[in-house]
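One-letter residues, chain by chain:
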Amino acid sequence: MTAALSNDLVLAIPELILAIGAMALLLLGAFRGEGAAGLVNWAAVGVLALAAWATLAGTGEAPRLAFSRLFVVDDFARFMKLLVLLGAALTLPMARSFMARAGAERFEFGVLVLLATLGMLVMISANDLITLYVGLELQSLALYVLAAFLRDDAKSTEAGLKYFVLGALSSGMLLYGASLIYGFSGTTNFVDLAATLGHGDGTGPAIGVVVGIVFLSAGLAFKVSAVPFHMWTPDVYEGAPTPVTAFFAAAPKVAAMALFVRTMISPLGDLAPQWQQIIVFMAVASMLLGAFAAIGQSNLKRLLAYSSIGHVGYALVGLAAGGLQGVRGVLVYMAIYMVMTLGSFGCLLAMRRGGQMVERVDELGGLSRTNPMLAFVLAALMFSLAGIPPLAGFFAKYFVFVAAIDAGLVVLSVIGMLASVVSGFYYLRVVKVMYFDDAVGPLDRPIPLPVRLVVTASGLLTVLYFIVPAPLLVSAEAAAKSLMP
Amino acid sequence: MVAALVLMPLLGALAAGFFGRLLGDRGAQIVTSGLLVASAVLSWIVFFDVALGHQAAYKVQLATWMSSGALQVDWALRVDALTAVMLVVVNTVSALVHIYSVGYMAEDPHVPRFQAYLSLFTFAMLMLVTADNLVQTFFGWEGVGLASYLLIGFWYKKPSANAAAIKAFVVNRVGDFGFAIGIFAIFFVFGSVSYDTIFAAAPAVAGKTFNFLGYDLDIMTTICLLLFIGCCGKSAQLGLHTWLPDAMEGPTPVSALIHAATMVTAGVFLVARCSPLFELAPVALQVVTVVGASTAFFAATVGLVQTDIKRVIAYSTCSQLGYMFFAAGVGAYEASIFHLFTHAFFKALLFLGAGSVIHAMHHEQDMRHMGGLWRHIKFTYAVMWIGSLALAGIPLFAGYFSKDTILEVAYAAHSGPGTYAFWLGSAAAAMTAFYSWRLLFMTFHGKARWAGHGHDDHGHAHTPHESPLTMTVPLALLALGAALAGMIFYDNFVGNLREVFWAGSIHVAAGNHVLEEAHHVPEWAKLLPLVLSLGGILVAFWFYILRPRLPVALAETNPLLYRFLLNKWYFDELYDFIFVRPAFALGRLFWKGGDGRVIDGLGPDGVSARVLDLARRAARLQTGYVYHYAFAMLIGVAALVTWYVYRIGVTS
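Small disclaimer: the values here were computed from a predicted structure and weren't measured.

So, how was this worked out
- Think of each chain on its own: its residues are numbered from 1, step by step along the sequence as written.
- Here the convention is simple: chains get letters from A, ligands get numbers from 1, in the order in which they are written.
- Selection of residues for local features in this predicted model requires a pLDDT of at least 70, selection of side-chain atom pairs for listing and counting requires 80 or more, and totals for whole chains, interfaces and linings are taken over all residues.
- With hydrogens and water set aside, each side-chain value is computed from the structure's full complement of heavy atoms.
- Each helix is a run of H or I in the DSSP string that is no shorter than four residues. Each strand is a run of E no shorter than two, and both are numbered from the N terminus.
- Exposed residues in this analysis have more than 50% of their type's maximum accessible area, buried residues have under 20%, and partly exposed residues fall in between, with area computed by a 1.4 Å probe over protein chains only.
- Whether two residues are in contact is decided by their heavy atoms: any pair within 4.5 Å suffices.
- A 1.4 Å probe and the Shrake-Rupley method give the accessible areas. Residues count as covered only by the protein chains that appear here.
- The salt bridge definition used is simple: a Lys or Arg side-chain nitrogen within 4 Å of an Asp or Glu carboxyl oxygen.
- Values labelled buried area give the accessible surface lost by two parts on being combined, using a 1.4 Å probe and summing over both.
- N or O atoms closer than or at 3.5 Å make up a polar contact, with two conditions inside protein: a donor-capable atom paired with an acceptor-capable one, and, for residues adjacent in sequence, both atoms drawn from side chains.
- Any residue that is not Ala, Val, Leu, Ile, Met, Phe, Trp, Tyr, Cys, Pro, Asp, Glu, Lys or Arg is counted as polar, Gly included; the first ten are nonpolar and the last four charged.
- Helix axes are fitted to C-alpha atoms over the stretch in contact, other axes to C-alpha atoms as well, and angles between N-to-C directions run from 0 to 180 degrees.
- The scheme is simple: roughly parallel for angles under 35 degrees, roughly antiparallel for over 145, roughly perpendicular for 65 to 115, oblique for anything else.
- Note on pairing: two strands pair once DSSP finds at least 2 bridges between them.
- Here a crossing is called left-handed whenever its near helix is offset anticlockwise from the far helix by less than a right angle, and right-handed whenever the offset is clockwise.
- Every patch collects residues that have over 30% relative accessible area and no salt bridge, joining them within 9 Å if they carry like charges and within 5 Å if they are nonpolar side chains (Val, Leu, Ile, Met, Phe, Trp, Tyr).
- Expected helix span is given by 1.5 Å per residue-to-residue step, counting one fewer step than there are residues.
- Given a residue, its bend is the angle between the two axes fitted to the seven residues that end at it and to the seven that start from it.
- The rule for a disulfide is simple: a pair of cysteine sulfur atoms within 2.5 Å.
- Each residue carries a pLDDT value, the predictor's own confidence for that position, ranging from 0 to 100.

A. Here's a closer look at the overall build of chain B. When helices and strands are tallied, chain B shows 27 helices and 4 strands. For chain B, the proportion of its 652 residues judged to be buried stands at 57%. Considering only intrachain contacts with a sequence separation of at least 6, the fraction spanning at least 24 residues in chain B is 80%. Summed over all atoms, the accessible surface of chain B reaches about 26,000 Å², with 69% contributed by carbon and sulfur.

B. Quick peek at the overall build of chain A. Per the secondary structure count, chain A includes 20 helices and 4 strands. Sorting the 485 residues of chain A into buried and exposed places 63% on the buried side. Counting contacts in chain A only where the partners sit at least 6 residues apart, residues at least 24 apart contribute 82% of the total. With the model as given, the accessible surface of chain A reaches about 16,700 Å², and the carbon-plus-sulfur share is 70%.

C. Up close: the pattern of salt bridges. In total, this model carries 33 salt bridges over all chains according to the counting rule given. Its salt-bridge partner being D572 of chain B, residue K568 of chain B comes within 3.6 Å of it at the nearest N-O pair. K568 of chain B sits in the buried class, given a relative accessible area of 18%. Through salt bridges with shared partners, a single ionic network connects K155, E158, K162, D235, E238 and R302 of chain A.

D. Inspection of the interface of chain A and chain B at higher detail. Chain A puts 36 residues into the contact, and the matching count from chain B is 24 residues. Carbon and sulfur atoms supply 80% of the area buried between chain A and chain B, which totals about 2,500 Å² over both sides. Linking chain A with chain B are 0 salt bridges, by the criterion used here. On the surface where chain A and chain B come into contact, there are 6 residue pairs in polar contact (both at pLDDT 80 or more). Elements that contribute at least two residues to the side of chain A that touches chain B include exactly α7 (154–185), α9 (207–224), α10 (232–239), α12 (272–295) and α13 (300–321) of chain A. If one sorts the elements of the side of chain A that touches chain B by residue count, α12 of chain A sits on top with 11 residues. When its residues are assigned to classes, the side of chain A that touches chain B shows 27 nonpolar, 6 polar and 3 charged.

E. Representation of the side chain of S467 of chain B in the model. All names here are of chain B. Positionally, S467 belongs in the loop between α18 (416–444) and α19 (469–493). Overall, the relative accessible area of 7% leaves S467 in the buried class. A polar contact of 2.8 Å, which involves the side chain of S467, links it to the side chain of S356. In this structure S467 touches S356, H359 and T472, once residues within four positions along its chain are discounted.

F. Molecular detail of the packing of α12 of chain A against helix α26 (residues 604–621) of chain B. Running from amino to carboxyl end, α12 of chain A crosses α26 of chain B at an angle of 95°, the nearest separation of the two axes being 7 Å. Between α12 of chain A and α26 of chain B, the angle falls in the class roughly perpendicular. Note on element contacts: α26 of chain B touches α12 of chain A through V611, L612, L614, A615, A618 and L621 of chain B, opposite L289, F292, A293 and I295 of chain A. Residues that form the contact of α12 of chain A with α26 of chain B fall into these classes: 10 nonpolar, no polar and no charged.

G. Representation of the pairing of strand β2 (residues 71–79) of chain B within the structure. All names here are of chain B. Of all 9 residues making up β2, 7 are buried, and the element is well covered by its neighbours. Sheet topology note: the strand β1 (residues 58–68)/β2 ladder contains 9 bridges and is antiparallel. Each residue of the ladder has a partner; that of A63, found in β2, is W75. Where β1 folds back onto β2 in an antiparallel hairpin, the turn is made up of 2 residues, including G69, whose phi is positive at roughly 60°.

H. Examining the packing of α10 of chain A against α13 of chain A more closely. Residue and element names in this part refer to chain A. Viewed as axis vectors pointing N to C, α10 and α13 meet at an angle of 140°, and their least axial separation amounts to 8 Å. When the axes of α10 and α13 are compared, the pair comes out oblique. Where α10 crosses over α13, the handedness of that crossing is right-handed. Of the residues in α13, those touching α10 at T233, P234, D235, Y237 and E238 are K301, R302, A305, Y306, S308 and I309. Its residues assigned to classes, the contact of α10 with α13 shows 5 nonpolar, 2 polar and 4 charged.

I. How the structure looks around a nonpolar patch on the surface. A cluster of nonpolar residues, L396, L469, V473, L477, L480, L484, M487 and I488 of chain B, forms a patch on the protein surface that exposes about 770 Å² of accessible area. As for its position among the elements, V473 of chain B is in helix α19.

J. Seen up close, the environment of F501 of chain B. Here F501 of chain B shows up in helix α20 (residues 498–502). Distance from F501 of chain B to L52 of chain B, taken between C-alpha atoms, is 6.3 Å for residues 449 residues apart in sequence.

K. Fine view of helix α2 (residues 20–52) of chain B. Residues and elements named next belong to chain B. Compared with the 48 Å implied by 1.5 Å per residue over 33 residues, the 39 Å span of α2 between its first and last C-alpha is markedly short. Its axis deflected by about 80° at R26, α2 carries its strongest bend there. One or two residues past the end of α2 sits H54, with phi positive at roughly 60°.

L. A look at the environment of A95 of chain B. Residue and element names in this part refer to chain B. Mapped onto the fold, A95 is located in helix α3 (residues 81–104). Along the primary structure A95 and L35 are separated by 60 residues, whereas in three dimensions their C-alpha atoms are 8.6 Å apart. If sequence neighbours within four positions are ignored, A95 has contacts with L36, V37 and A40.

M. Structural detail: the environment of A12 of chain A. Residues and elements named next belong to chain A. Relative to the assigned elements, A12 resides in the loop between α1 (3–11) and α2 (13–32). Under the relative-accessibility criterion, A12 is labelled buried at 6%. Residues A12 and V122, 110 residues apart in the sequence, show an inter-C-alpha distance of 9.0 Å. When residues no more than four places from it in sequence are discounted, the contact partners of A12 are F67 and F71.

N. Geometry of the state of the cysteines. All names here are of chain B. Applying the stated criterion to the full structure yields 0 disulfides over all chains. For the unlinked cysteine C232, the closest cysteine sulfur is that of C231, found at 7.1 Å. There is no disulfide at C274, and the cysteine sulfur nearest it, in C224, is 7.4 Å away. For C274, a relative accessible area of 1% gives the class buried.

O. Expanded view of the confidence of the model for chain B. Here chain B averages 89 in pLDDT, while 98% of its residues score no lower than 70. Low pLDDT (under 50) marks residues 454–461 of chain B, which in the prediction has 13 contacts with non-local residues, meaning those over four places away or in another chain.

Right under this line is the structure:
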């Protein structure tokens, strides 16, 4: 083994852990049969924790490239990978009781989550259009299967199929965009792309490159579910099993956003004037659609789907602003968003009445009297998602809007704030139903312990974030700095 | 001591207001009345010390209220002779009314609330009279307005009471607006709101002008007229008087305390307090004289034909306030305060006596449904006689000394407005005597017209009954005051001892000797009021005892005049036409058109409707068909590509 290769492998240790872990658990499951589901689930959490520990190695060092510059490890990657690993590790235990009740406690679940997470880590560390695509596909394929995990459930299979078909279309667009970029610049590597596109002859980039960027962004926008590439989101979120939806809303979204940010800032950074308009358009459309379309929803999962579309819009505001401040805003936003969304889905998973999952808004009636603590946490999360100070969600919005205003995107910020006012309506409606409507009846007890822990932790983080905001800000700043040229 | 005196009623108000349920009716009555009696005793001590004992005036600094730039406002109590007189008036009447209410309100379900309001009013009134600066005066001024509003509308289930309360509040607002602007103007000119500073600086400003909206206005005249507008509102002078008769909707003790003895005299007090300013504004003083005299005459004419026992006394109050103002207007502030002092006793007596009649009649107020009552309520009958004698200015009774002094100074002023005031005041004196005895005769004499009227069926004996002790004792004390107050204090207030008595608390310009000259008016001018009053009594006797048909015939032969007087010179109708209806129309325009259609339509309602529209449309986009979704994605890409191709084409 040459020194170069071993050096490369050292950088990819988290990915190696996940890959080896996934295969080992697959074998374990294959030999032990269905009975191994619980063991595999917990083992997968262990693997994720191990990978997270490995990710921390080398924090603060300068960015390092590996595998012939296909792969990059910097603080930005570490920050995002930790978020993704955290998101995955928190969904797995929450899923167990749900899957057991649904009669679908299979060991493949843990393995698929591991494989998807592996894909995400590769995406985050991608330094080449090829790596980007490979990571994206590895993630997506695992996710398609996860969406259809309840094989006997029509809605779940429909969700999986829809996701797959539309995902294939978006992959096609992304590939087409990548090939256009390659055709007009002669390289797929991010470093070379930055160099080639950065030194134009003053006439601006070739039209083919710009069209390529449009297609590439369309593919990436699909993954983060930004308007108008969001259409799959409500259907898939509603149809997929709730823990899977929680996973979708947390980890892949963070990973895709990381990839989006890296692609736009690192190789295409000098073309910001070109792509900024795409991002601005998507941000505005996402924020508005997220705000307006959610109003009419009565299904909580669908409501959270639109909410996630809206939040992607806010995160894209930070990307549109660009620069250190903008990227920092995106990172803070995604971190806080992931905590809030995991908490919200945790609340959903905690609510079961007469053996049925509580999924409709009006079924929350009188929750404040039957389950005051749960109602309080959900209310806090809703206020936070709406961006009410001093909850965490307010600071998330605050940093992206400050970045946008500093970047001169005042109109965008104003639209964002107005959309956030409109979105307040449906968040507060949930609170109103819980606190002021007639009680529907008590929930089933007990709430599974992992769910309770996640809900409590996310509630505490959301409510108390304003006391110690510094650690997140400092690490996000360091991560953003590592991305800057 | 002064601080305790002022704050005790507040303590009573808070106790009865917030812990009324805890204390119970009896407890609330004892607490508020007890504190008020204590406060009244302290006021008399202050009066003997400061006013009669010639102790130097002093100030008690309580706290700093506001301090902002040049504006420095303190909570401070100013105690001089003028304050001492007012303290005695306010607290004595208030204490007696508190006690009287124990009997009068016995059947009311909201006794603690009533007592709390009474005490709150007293506190505000004490703040007003002890204020050391204009802002504190304004605080008390608004405080009594608030208490008046609350008490007029005390029976809040009665629509007429609510309407009267609102009317009193709104009309007073007009006056308060003038007062407030006056305070602003004073601060603008003098840079201070403290009385001492203003009074010291005032002579230097006399005759100077300031520019307002392009007009050069005389500073002192402007300020004094603005202050006088405030006084007109509070003291129900012609133009802003319309709320006072309606205020009779409140319980009768309220009418006695607030709308006869104390609050309505606040305007007179303010003119006297600001005498150093008014003395420098002769034009303003002329306006005060004319308005006061006109009010005295106007209210007396209306009082001639009213049939509601309380309204007669209300117009009488209005008329007497006019006397006080024109006395001040000709420069005899002492006489004006003297009349305020005596008037407080006999007018409170009349009101409480009327309350006793009403109590006996079970809340019947229309004199046409009374008559022959003297046999049943002899004590009330006696005190009403004393009150009427005092009001009409029959010698030896209180009103004689103060009212005759006022008419004499008006004559002695030897000015156009003064002469105007003298003649109108004399005419009003005749009418005062007439309507007072008309009231007495209609209520207590003649045939009993109350059988079958007014008695609600709540199980009482159907014959009128004398009031309980809690009501008759205050009546007796007030009757004592109404009989003797003028005689005892004449020398001190307006006689030879006046300069040591007032000790500079009322400022009289060096050239103003009107009170001195009043002692040297011709005999006929001195006797005229008395002769007119006696004439008024005789006419009343003739009309209502000897020839009871005569007034009816007179009204029928002069229908226009009768209706004109009965409808109070059509002031209410006029205001309704000029102000109220246009205001309502304007309000409705702004409400329905401006607020409803424009602001709500374009604002909250419109926006929320559009949001819902958009929400429905956005939700409809989500059809569930994969090919629709794919189509949306392709459209998105195509649109973005088109946009870029177009843009690059444009720029290059």
